[in-house]
Amino acid sequence: MNTPLSTTASRPFAIVTGASSGIGFELARCAAQRGYDLLIAADEAQVQERAQELRAHGTEVHAVEADLATTEGVEKLFAAAEGRAVDALLANAGHGLGKGFLDQDFGAARHVLDTNITGTLLLLQKVGRQMRERRSGRILITGSIAGYMPGTYQAVYNGSKAFLDSFAYALREELKDSGVSVTCLMPGPTDTKFFERADLLDTKVGTMKKDEAAMVARQGFEAMLAGKPGVVTGLKNKLQVAAATVTPGTTLARQHAKQAAPGTAQVHQANKAKAVAGAVGGIALLGAWWLLRGPASRRGHVTV
């Protein structure tokens, strides 16, 4: 059960969106472990259960169930802060959407844009203005390495993340002398509910091994505290981003299709099975060769 937030608490105060699971919940956990009081938000009732878990760290936690794709949802969240100064805003709320753009329901596509971009920007402006006035605050925006790649079969999502990646660096520059820092967290595929919600479980990217949400959140939170411009989590993702900056867009789009096209999960699993079978066969042949070679080798050392 929520209680009114204290406006005079000595602990720092953070707002975390998309905090009912995945990276958002782990970011909230990082903040709680660092002694932040929290206002967390998500568009599902599970956020109340998560608030109870976070209170175990001894901090004050207030939860709001709201659709941050809407102006009303953002206003509800902002009002729930009850005027308390926000020391850190972790803007993590986001949705994905798989399949080809022409096959998507436009209402679903628009909801992705309104959640990832419109609602996020509205909240950033409201909280950011207060931070600038106080000349103090930290902002973490969850972008993605997807923003570096044309997202074939995820075109709306990747486009929204390209916007956020770019926007975060631009906002940081605008606030460089204000006492407010802006950091962009850019993870790769992460083990969350994202792929299920985005209808991507029948794709290669939906079934392949992913980074742990706790690791991603920890690196993002530490980068925010250090005031860094941005962080790409994981060595593989860093290499992928480096390659993307010098690879033609047509090639990147083609490569992304192999990861995100419907049905690629079956191809991926079949290729894995072939690889395993090939490895097993190779080991068997090596073993047979060794057994045949052994006696002959020993016979060469026999003296009569």
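Each chain carries its own residue numbering, running from 1 in the direction its sequence is written. Side-chain atom pairs in this predicted model are given and counted only at pLDDT of 80 or more, local residue features only at pLDDT of at least 70, and totals for whole chains, interfaces and linings cover all residues. To obtain the side-chain values, all non-hydrogen atoms of the structure were used and water was disregarded.

Trainee: What's the story with the overall build of the chain in this structure? I'm lost.
Mentor: Secondary structure elements are taken from DSSP: a helix is a run of H or I of four residues or more, a strand is a run of E of two residues or more, and numbering for both begins at the N terminus. On a plain count of helices and strands, the chain comes out with 11 helices and seven strands. Only protein chains enter the area calculation, which uses a 1.4 Å probe; residues under 20% of their type maximum are buried, those over 50% are exposed, and those in between are partly exposed. Looking at the 304 residues of the chain, the share that counts as buried comes to 45%. A contact between two residues is defined here by any heavy atoms of the two lying within 4.5 Å. Contacts spanning at least 24 positions in sequence make up 70% of the contacts within the chain whose residues lie at least 6 apart. Accessibility throughout is a Shrake-Rupley quantity obtained with a 1.4 Å probe, and a residue counts as covered only by protein chains that appear here. Accessible surface for the chain amounts to roughly 15300 Å². Of this, 57% is attributable to carbon and sulfur atoms.

Trainee: Would you mind showing me how to read the nonpolar core here?
Mentor: Across soluble globular proteins, nonpolar side chains show a tendency to be buried alongside one another. Counting 33 residues, the largest nonpolar core has Ile15, Leu39, Leu77, Leu89 and Ile139 as the members making the most contacts within it. Counting residues per element, the ones that place at least two in this core are β1 (13-17), β2 (37-42), α3 (71-80), β4 (88-91), α4 (106-134), β5 (137-142), α5 (155-174) and β6 (180-186). Ignoring any residue separated from it by four or fewer positions in sequence, one finds Leu39 in contact with Phe13, Ala14, Ile15, Val16, His62, Val64, Leu77, Ala80 and Ala81. The term nonpolar core refers to a set of buried residues drawn from Ala, Val, Leu, Ile, Met, Phe, Trp, Tyr and Cys, joined through side-chain atoms within 4.5 Å.

Trainee: I'm lost on the pairing of β6 in this one. Help?
Mentor: For a regular strand, side-chain orientation follows a simple rule: the groups alternate between the two sheet faces. With seven of seven residues buried, β6 lies mostly within the body of the structure. Criterion used throughout: strands pair if DSSP finds at least two bridges between them. With six bridges connecting them, β5 and β6 associate as parallel partners. Following the sheet pairing, Ile141 is matched in β6 by Cys184. After leaving β5, the chain enters α5 and then returns to the sheet as β6, a path that is right-handed. Across three bridges, the pairing between β6 and strand β7 (residues 230-232) is parallel. Paired with Met186 across the strands is Val232, a residue of β7. Handedness of a crossover is defined as follows: orient the strands so they point away from the viewer, and if the path from the first strand over the helix to the second runs clockwise, the crossover is right-handed.

Trainee: Help me understand a nonpolar patch on the surface, please; the structure alone is not making it clear to me.
Mentor: Surface patches are drawn from residues lacking salt bridges whose relative accessible area is over 30%; two like charges belong together within 9 Å, two nonpolar side chains (Val, Leu, Ile, Met, Phe, Trp, Tyr) within 5 Å. Think of a salt bridge as a Lys or Arg side-chain nitrogen and an Asp or Glu carboxyl oxygen that are within 4 Å of each other. A cluster of nonpolar side chains, contributed by Phe101, Leu102 and Phe106, occupies part of the molecular surface with about 400 Å² of accessible area. In this structure, Leu102 sits in the loop between β4 and α4.

Trainee: I would appreciate a short explanation of unusual backbone geometry in the present structure.
Mentor: Trans peptide bonds make up most of the peptide bonds, and negative phi angles are found at most residues other than glycine. The backbone phi angle of Glu82 is positive, close to 55°, even though this residue is not glycine. By the element assignment, Glu82 lies in the loop between α3 and β4. Looking at Glu82, the relative accessible area reads 37%, which means it is partly exposed. Look at Tyr153: it is not a glycine, yet its phi comes out positive at around 70°. In this structure Tyr153 comes out as partly exposed when scored by relative accessible area, which is 32%.

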